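Each chain is listed here by its residues.
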Amino acid sequence: MVAELDAATGALLSVWEAARESTTSRLSSAQLRAVMAVERHDGINLRRLATLLDMLLSSASRLCDRLVAAGMLEREPGRVDRREIALHLTPEAARLLAELRRDRRQRLAEVLAEMSGEGRQALLHGLVEFDRVARARKRGTGPVAEFRGAASPPVRPRRSPDGPSAVRSA
């Protein structure tokens, strides 16, 4: 099932990527992720953005410098701590994200229109459940579920007391 899901997801991702390329061709994937994170967390500081994007603080800072230069982000001194910088979308970035979503939804609608009603409902039901479980796992609040179809459950790496680079299995 995992292989079939991986293959089917490729088609969904190609529709997604086509919309991204036609709408946000002047932004890299990392820049787009940063803009979307700032949209979700208006006023976010650089340290939290770096954490959300799973990158070094210096890399996130350079990424934001490029986005400010491109007219996508604005920096504002923090209200509590003036040394801290708050990030906000510019109207241009908000317009770009709205355009991306319109294009993506149009492309998805074209594919969905050719699916059966049952297929659309099954897809929606499965994706909603997948989203719920994936978000719970990311927060660390989800129950450990049995991995169906595998001889044994997946092994999660665990940090060794010897340091972050030493990994051992659970």
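A brief look at the structure comes next.

### Some details on a nonpolar patch on the surface
A cluster of nonpolar side chains, contributed by L12, L13, W16, L112, L123 and L127, occupies part of the molecular surface with about 490 Å² of accessible area. Those elements that provide at least two residues to the nonpolar patch are α1 (2–23) and α6 (117–139). In terms of residues, the nonpolar patch owes the most to one element, α1, which gives 3 residues. Following the sequence through the fold, L112 ends up in helix α5 (residues 91–113). For L112, a relative accessible area of 31% translates into the label partly exposed.

### Let's talk about the pattern of salt bridges
Inspection of every chain in the model, using the stated rule, returns 8 salt bridges. In this structure, E39 engages R101 in a salt bridge whose closest nitrogen and oxygen atoms are separated by 2.7 Å. Placement of the pair is E39 in helix α2 (residues 29–40) and R101 in helix α5, with a sequence separation of 62 residues. For E39, a relative accessible area of 32% translates into the label partly exposed. Overall, the relative accessible area of 21% leaves R101 in the partly exposed class.

### Some words on the pairing of strand β2 (residues 85–89)
Burial within β2 is extensive, with 4 of its 5 residues counted as buried. Here strand β1 (residues 73–77) pairs with β2 via 5 bridges, running antiparallel. Along β2, the bridge assignment pairs L73 with L89.

### Observations regarding the packing of α1 against α5
Look at α1 against α5: their axes get within 9 Å of each other, and the N-to-C directions meet at 145°. Where α1 crosses over α5, the handedness of that crossing is right-handed. Facing α1, whose interface residues are L12, V15, W16, A18, A19, R20, S22 and T23, α5 presents L96, E99, L100, D103, R104, R107, L108 and V111. Each residue belonging to the contact of α1 with α5 can be placed in one class, and the counts come to 9 nonpolar, 2 polar and 5 charged.

So, how was this worked out
Residues numbered from 1 in each chain as written. Predicted model: local features only at pLDDT ≥ 70, side-chain atom pairs only at ≥ 80, totals over all residues. Heavy atoms only, no water. Patch = residues over 30% accessible without salt bridge, like charges linked within 9 Å, V, L, I, M, F, W, Y side chains within 5 Å. Areas by Shrake-Rupley, 256 points an atom, 1.4 Å probe, with all protein chains shown as cover. Salt bridge = Lys/Arg side-chain N within 4 Å of Asp/Glu carboxyl O. Helix = DSSP H or I, 4+ residues; strand = E, 2+ residues; numbered from the N terminus. Buried < 20%, exposed > 50% of the residue type's maximum accessible area, 1.4 Å probe, protein only. Pairing = 2+ DSSP bridges. Axes fitted to C-alpha atoms, helices over the stretch in contact; angles between N-to-C directions. Left-handed = near helix turned anticlockwise from the far one by under 90°. Contact = heavy atoms within 4.5 Å. Nonpolar A, V, L, I, M, F, W, Y, C, P; charged D, E, K, R; others polar.

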